[in-house]
Amino acid sequence: MEFEKEEKKQQNTENNEIKEIKEIQENTSEENSVQNIEDENKQLKEKVAELEAQLKEIQNAARFIKASFENYKLDVERQLKENTRSTALRIFRNLIPIVDDFKRALNYYNQTQDLEEFYKGTQKIIEKFFKTLENEGLKPIDTSGRFDPFLHEAVEREEREDVEEYTIIETIEEGYTYNGQVIKPAKVKVAIKPRKS
């Protein structure tokens, strides 16, 4: 019996030791788990701090780019206004002498009543005026030849057999291009084939 008691005691001791070992292992495992979680948490916090720093850098760069773009837009608008103003001034400087010529022609006519000289002078002023406009890029549209819907506007048609169909036979009103762009199409009369009765 004593042997059994001794054996039970030893078994209890062994069980207790096993329990203690298990508890130690569990505690160690929990400590390792806690340590791992703390390490992961620390790494995540470092990563978050790094990403926040990158975000601030990106935001600062975006603000800089936006400010630079706004300044660029203002500069472009300012340059465009200045270019427009200087172009207008150049054109006005070229047109003012023509206005002066018209005034002189009217004064001459008022003094002399010479209609023929007034007419000749006015023709010269108009030629000078169109030369000035041509120097600025304004060109008359050619109305010889065939009708072109991109350059001409057919305002009248005439049945004709003696010319090819869609030939321009008369210019009703001059048209103009400015640096190659049509700003006013030429109004023309166009030949069409006679209708058969």
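Cut-off values and rules
- Residues numbered from 1 in each chain as written.
- Predicted model: local features only at pLDDT ≥ 70, side-chain atom pairs only at ≥ 80, totals over all residues.
- Heavy atoms only, no water.
- Phe/Tyr/Trp six-rings, centres within 6.5 Å; stacked < 30°, edge-to-face > 60°.
- Buried < 20%, exposed > 50% of the residue type's maximum accessible area, 1.4 Å probe, protein only.
- Core = buried A, V, L, I, M, F, W, Y, C linked by side-chain atoms within 4.5 Å.
- Helix = DSSP H or I, 4+ residues; strand = E, 2+ residues; numbered from the N terminus.
- Pairing = 2+ DSSP bridges.
- Axes fitted to C-alpha atoms, helices over the stretch in contact; angles between N-to-C directions.
- Salt bridge = Lys/Arg side-chain N within 4 Å of Asp/Glu carboxyl O.
- Expected span 1.5 Å × (residues − 1).
- Arc of directions from axis to C-beta.
- Polar contact = N/O pair within 3.5 Å; in protein donor to acceptor, adjacent residues only side chain to side chain.

### Some thoughts on the packing of aromatic side chains
Consideration 1: All chains considered together, the criterion is met by 4 aromatic pairs.
Consideration 2: Taking 5.2 Å as the distance between ring centres and 45 degrees as the angle between the ring planes, the aromatic pair formed by Tyr109 and Phe118 counts as tilted.
Consideration 3: With a relative accessible area of 24%, Tyr109 lands in the partly exposed category.
Consideration 4: With relative accessibility at 21%, the residue Phe118 sits in the partly exposed group.
Consideration 5: On the basis of an interplanar angle of 70 degrees and a centroid distance of 5.7 Å, the ring pair of Phe129 and Phe130 is categorised as edge-to-face.
Consideration 6: Residue Phe129 is classed as partly exposed on the basis of its relative accessible area of 28%.

### Describing the nonpolar core
Consideration 1: Membership of the largest hydrophobic core is limited to 5 residues, which are Ile141, Ile168, Ala186, Val188 and Val190.
Consideration 2: In terms of residue count, strand E6 (residues 186–192) provides more of this core than any other element does, 3 residues in total.

### Some words on the sheet that holds strand E4 (residues 176–178)
Consideration 1: Pairing is antiparallel in the open sheet, where 3 strands are placed in the order E1-E4-E5. The open sheet has two edge strands with one neighbour each: strand E1 (138–140) and strand E5 (181–184). The mean angle between the axes of side-by-side strands here comes to 35 degrees, regardless of whether they run parallel or antiparallel.
Consideration 2: Strand direction decides the pairing type here: E4 and E5, joined by 3 bridges, are antiparallel. Following the sheet pairing, Tyr178 is matched in E5 by Gln181.

### So, the pattern of salt bridges
Pairs can form between side chains of opposite charge once their charged atoms are near each other.
Consideration 1: In the structure shown here, the tally under the stated rule is 16 salt bridges.
Consideration 2: Residue Glu70 is joined to Lys73 by a salt bridge in which the shortest nitrogen-to-oxygen separation is 4.0 Å. Of this pair, Glu70 and Lys73 both sit in helix H1 (residues 2–112), 3 residues apart, which is roughly one turn of the helix.
Consideration 3: Overall, the relative accessible area of 35% leaves Glu70 in the partly exposed class.

### Topic: helix H2 (residues 115–135)
Consideration 1: Here H2 contains 21 residues, and its C-alpha end-to-end distance of 30 Å stays within 8% of the 30 Å for a straight helix at 1.5 Å per residue.
Consideration 2: All of the buried residues along H2 are Thr122, Ile125, Thr132 and Leu133. One side of H2 holds all its buried residues, which, seen down the axis, span an arc of 95 degrees. Of the exposed residues in H2, those oriented more than 90 degrees away from the buried face are Glu116, Tyr119, Lys124, Glu127 and Asn135.
Consideration 3: Sitting at the head of H2, Asp114 places a side-chain oxygen 3.4 Å from the backbone nitrogen of Glu116.
Consideration 4: Positive phi appears at Gly137, one or two residues downstream of H2, with a value of about 110 degrees.

Note that all results are geometric; they support no functional claim without further evidence.
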